[in-house]
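# Working through the structure, step by step
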Amino acid sequence: MANITPQMVKELREMTQAGMMDCKKALMEAQGDMDKAVEWLREKGLAAAAKKAGRIAAEGVVASYITDDASVGVIVEVNCETDFVAKTDNFINFSRNVAKHIALSNPADVDTLMGQPFVDDPAKTITDLVSDATVSIGEKISIRRFARYALTNGVVESYIHMGGKIGVLLKVENDNADTFANPVFHTFYHDVALQIAAAKPLFVRREEVPTEALNKERDILRAQALNEGKPEKIVDKMVEGRIKKYYGEVCLLEQPFVKDGDKTIAQLCAEVAKEIGANITVAAFERFERGEGIEKRKDNLADEIAAMQKK
């Protein structure tokens, strides 16, 4: 019986992207011969993941997981290659399992996540799970990013829109634990999550806007006013007026409430706090839009035919 070392298993996994346990079994079957182990994995269809490693995965879903007491919440973007696969039960369940794992294991980042034993099956790492999913689903699968919030003095809420195209994670602090289950409070933080999905704020409050971004916006607005032929002496006043409008677009608390444009989110928050008898603070949020920033592959039939003729 050949002595199969962890280093051999690691090397085979890096070569084939197959699962750890599959690599160990392949090496045992091949008596430690690396080439034969690769052949064994290919014959079993378990090395297929390696062939998909270079593909572009820009579809997928944003999935979420919230603990029963709403003290911990996660959103995670998991990508695949086609919208068809993104809608399958296997892919959706896989994505939800990843979100659950992140909530319970609290990895520091995606790299740390990939090396962690899966909470529901410690014999496999998340890397193994991704490799297994890639083989079983038939497309490149990748975990792109995640956000995780945890707190005891409030609630975490998630909202998934358009079947996973957009995901929001929201943290709302509340100093009165007796009101956590209050329907008025629940409606409030759920509505705020919907607001974030629909209105795309970049910050919670104006104090979070970076000075550099604000100065750049002022420069742009000043140039616009001058190009409109406005007198120099009133330009600065106009710019400050437009900056206020800018805050109303990018800062959640200053946005008009999508369900009642006569009040801002800050005003809504104050009303709810007074009604339920608590101090409420919208602390933080994350908004993920599936595939944003990923360059999607564009197939060109003419180029493919030309390339084939050159071979």
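### Brief notes about the overall build of the protein chain
Secondary structure summary: the protein chain contains 13 helices and 10 strands in total. Here the C-alpha atoms of the protein chain give a radius of gyration of 25 Å, more than 25% beyond the 19 Å that 2.2 N^0.38 yields for 311 residues. Projected onto its principal axes, the C-alpha positions of the protein chain cover 85 × 60 × 30 Å. Evaluated residue by residue, the protein chain yields a buried proportion of 42% over its 311 residues. Once local pairs closer than 6 in sequence are excluded, the contacts in the protein chain between residues at least 24 apart make up 62%. A total of about 17000 Å² of accessible surface is found on the protein chain, and carbon and sulfur atoms cover 50% of it. In the protein chain, the 42 positive side-chain charges and the 49 negative ones have mean positions that sit 4 Å from each other.

### Considering the pairing of strand S6 (residues 154-161)
Among the 8 residues that make up S6, 6 are buried, leaving the element largely enclosed by the rest of the structure. The pairing of S6 with strand S7 (residues 166-174) spans 8 bridges and is classified as antiparallel. Bridging across to S7, Glu-157 finds its partner in Leu-170. Adjacent in sequence and paired antiparallel, S6 and S7 are bridged by 4 residues, among which Met-162 carries a positive phi angle near 55°.

### Some words on helix H11 (residues 232-250)
For the α-helix, the turn length of 3.6 residues means that residues three or four positions removed from each other point alike. Taking 1.5 Å per residue as the helical rise, H11 with its 19 residues ought to reach 27 Å, and the 27 Å between its terminal C-alpha atoms agrees with that figure. Among the residues making up H11, those that are buried are Val-235, Val-239, Ile-243, Tyr-246, Tyr-247, Gly-248 and Val-250.

Conventions we followed
Residues numbered from 1 in each chain as written. Predicted model: local features only at pLDDT ≥ 70, side-chain atom pairs only at ≥ 80, totals over all residues. Heavy atoms only, no water. Helix = DSSP H or I, 4+ residues; strand = E, 2+ residues; numbered from the N terminus. Rg over C-alpha atoms; globule rule 2.2 N^0.38 Å. Buried < 20%, exposed > 50% of the residue type's maximum accessible area, 1.4 Å probe, protein only. Contact = heavy atoms within 4.5 Å. Areas by Shrake-Rupley, 256 points an atom, 1.4 Å probe, with all protein chains shown as cover. Lys, Arg positive; Asp, Glu negative; His and termini not counted. Charge placed at Lys NZ, Arg CZ, Asp CG, Glu CD. Pairing = 2+ DSSP bridges. Expected span 1.5 Å × (residues − 1).

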